[in-house]
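Okay, here's what each chain looks like letter by letter:
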Amino acid sequence: MARTRPDITVPDLSGKLAVVTGASDGVGLVLAGRLAAAGAEVVMPVRNRHKGEAAIAEVKRQHPQAVLSLRDLDLSSLSSVAALGAALVAENRPIHILVNNAGVMTPPDRQTTADGFELQFGSNHLGHFALVSHLLPLLRAGARG
């Protein structure tokens, strides 16, 4: 059975800033494109810059007016998470939408993060938890306006 994309109504997001992890493919790419089509500026933190650049090209092909930017993020490294958090906090722009989509799914062998945690737990849970913690002031500002 062929997959179909649901037609989801999204309000006008002009002037809003969205951050979507894992936006270089899959669900994250579709979400980034849909948010950009609705007028949001979308920050795409990615582990693989080459895949991220291809994702931006794909979204721009479908939505030429899209405002997108790539940032480096490896959720398996808490120092990488802290660096992204610090960079976004330094910009001091409210974040209106945060989609914690990136993830690792069932690595074939036991692997650990740069910080020694099991890879899937460290990336999918601890990495995103740390990211939210760093971005909390910006998320609170985004909730106010």
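For the structure, see preceding data.
These lines cover the structure that appears in this document, whether it is placed above or below. (Residues numbered from 1 in each chain as written. Predicted model: local features only at pLDDT ≥ 70, side-chain atom pairs only at ≥ 80, totals over all residues. Heavy atoms only, no water.)

The strand order across the open sheet built from four strands is β3-β2-β1-β4, with neighbouring strands paired in parallel fashion. Edge positions in the sheet fall to β3 (67–72) and β4 (97–99), since each of these pairs with one other strand and no more. For this sheet, the mean inter-axis angle between neighbouring strands, taken without regard to orientation, is 20 degrees. The pairing of strand β1 (residues 17–20) with β4 spans three bridges and is parallel. Bridge pairing in β4 links V19 to L98. Most of the contacts of helix α2 (residues 49–62) go to β3, to which it runs at about 175 degrees, and overall it touches β2 (41–46) and β3. (Pairing = 2+ DSSP bridges. Helix = DSSP H or I, 4+ residues; strand = E, 2+ residues; numbered from the N terminus. Axes fitted to C-alpha atoms, helices over the stretch in contact; angles between N-to-C directions. Contact = heavy atoms within 4.5 Å.)

Another point: the environment of G127. Summarising the element assignment, G127 is placed in helix α4 (residues 119–144). A relative accessible area of 0% places G127 in the buried class. As for G127 and G103, which are separated by 24 residues in sequence, their C-alpha atoms are 9.5 Å apart. Once residues within four sequence positions are removed from consideration, G127 is found in contact with L75, L78, V81 and G122. (Buried < 20%, exposed > 50% of the residue type's maximum accessible area, 1.4 Å probe, protein only.)

Where a protein is soluble and globular, its nonpolar side chains tend to be buried together. Ranked by internal contacts, the top residues of the largest apolar core, which has 19 residues, are L35, A36, A40, V42, M44, V59 and L68. Among the elements of the structure, β1, α1 (26–37), β2, α2 and β3 are those that each provide at least two residues to this core. A total of four residues in this core trace back to one element, the largest contributor, which is α1. Counting 14 residues, the second-largest nonpolar core is a separate cluster that includes V19, L73, L84 and L139. (Core = buried A, V, L, I, M, F, W, Y, C linked by side-chain atoms within 4.5 Å.)

To continue, consider α4. Three or four residues apart is the spacing at which side chains of an α-helix point the same way, because the helix has 3.6 residues per turn. The end-to-end C-alpha distance of α4, which contains 26 residues, comes to 35 Å, matching closely the 38 Å that a straight helix rising 1.5 Å per residue would cover. A bend of about 60 degrees at L135 is the largest found in α4, and the proline P137 appears one to four places after it. Of all the positions in α4, only L119, G122, S123, N124, G127, H128, A130, L131, L135, L138, L139 and G142 are classed as buried. Taken together, the buried residues of α4 touch α3 (78–91) and β4. (Expected span 1.5 Å × (residues − 1). Bend = angle between axes of the 7 residues up to and from the residue.)

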